Amino acid sequence: TGDESLLDEVAGGRTVLDHLRRLANRADDRRTTFGDRRLVDLGSDAWELLECVPNYTNAVASLNAGYVGMLRSLSSLLEARGERDEADRARGRADELAEAVIGQYAGAGRWRISHPHGDDVIGHCLDFELIAADLAGDLTEAMRAEMVDFVLEHLIDGEWMRALSQYDPIAPLSDRPDHGAAGAFAAWPGATSYGLTQLGRSDLAAEFLSRVHASRSGALWGQAGEAIGGGHYVVAERGVSNRDSNAAVAVTEAVLAGLFGIRADFEGLDRPAGAATNEYGSLRGIRAVGFDLPVARGRTP
């Protein structure tokens, strides 16, 4: 909406802007005590991350990429508010962390997980999704192509997808229909589609999004879709799965920000991007700066 006054509102004893600072700067508070000490250590409890993937702990590439995105977003916001020294520090830390994340690439679309005792290599959709979303500009063309190939060959399968490659060494120990090799959490098709758009393959994202609804026709999107063979999926009924998750809103981001380029970010306050009409269709009722809402006073689109 462009209403920057929200940033100065106080909630829980802090301004909203200070909450954003605190979230982004946790990247410094949680640096690893192993390796080159640049990555963020998310801890050794798998239940605090992907729950059912036992080796998805410590310095995972996905959430480290997310911290890069938060730091760069914060830097853009601070720069716009005239706080250039702090903006430069955030940008510098983001670039340092981005370099460390890129160093975790294991080839063929897979990423390393760093632990105190050594590294694992994994093929999980969350690494693809967050790295494509936040580090697309840091990737080489070869890396981008390999990541897309990995998604097409190992994750997307007919009407839905798998969160984890079924050929991954940890797959037999990760048999769950949301984060394992048996299916995918309801947010993953949307987040994966958004990642494809950021890697320059909007055509593949649109094609995938045009058919995933077929596997959801029997009910709500729910928590997970489970493979039943032949590229077909059903709403998962076993384990901890539920039918009332709202994670399918990730598809909305894939359409608005991915296919149409309309991103609700801080840079968009100055430079609204995207278009309401393109080869994928037309959007109406876009309540965003530069579309149905004016650019903030004193700013130029």
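Residues numbered from 1 in each chain as written. Predicted model: local features only at pLDDT ≥ 70, side-chain atom pairs only at ≥ 80, totals over all residues. Heavy atoms only, no water.

### Overview of the packing of helix α2 (residues 61–80) against helix α4 (residues 125–135)
- Relative orientation of the contacting elements α2 and α4 amounts to 20°, with a least axis distance of 8 Å. One element, α2, and the other, α4, form an angle in the roughly parallel class. As α2 packs across α4, the resulting crossing turns out to be left-handed. On the side of α2, the interface is formed by Ala61, Ser62, Leu63, Ala65, Gly66, Val68, Gly69 and Arg72, while α4 contributes Leu126, Asp127, Leu130, Ile131, Asp134 and Leu135. (Axes fitted to C-alpha atoms, helices over the stretch in contact; angles between N-to-C directions. Helix = DSSP H or I, 4+ residues; strand = E, 2+ residues; numbered from the N terminus. Parallel < 35°, antiparallel > 145°, perpendicular 65-115°, else oblique. Left-handed = near helix turned anticlockwise from the far one by under 90°. Contact = heavy atoms within 4.5 Å.)

### Side note on the environment of Arg81
- Secondary-structure assignment places Arg81 in the loop between α2 and α3 (84–102).
- Between the C-alpha atoms of Arg81 and Asp149, which are 68 residues apart in sequence, the distance is 41 Å.
- Ignoring any residue separated from it by four or fewer positions in sequence, one finds Arg81 in contact with Glu4, Leu7, Asp8 and Leu17.

### Points about the pattern of salt bridges
- Under the criterion given, the structure shown has 22 salt bridges.
- The salt bridge partner of Glu86 is Arg21, with a shortest N-O separation of 2.7 Å. One end of the pair, Glu86, is in helix α3; the other, Arg21, is in helix α1 (residues 16–29), and 65 residues separate them in sequence. Each member of the pair, Glu86 as well as Arg21, carries the same accessibility label: buried.
- In this structure, the salt-bridge partner of Asp95 is Arg72, at a minimum N-O distance of 3.1 Å. Of this pair, Asp95 sits in helix α3 while Arg72 sits in helix α2, and the two are 23 residues apart along the sequence. (Salt bridge = Lys/Arg side-chain N within 4 Å of Asp/Glu carboxyl O. Buried < 20%, exposed > 50% of the residue type's maximum accessible area, 1.4 Å probe, protein only.)

Don't take any of this as a statement about function, it's just geometry.
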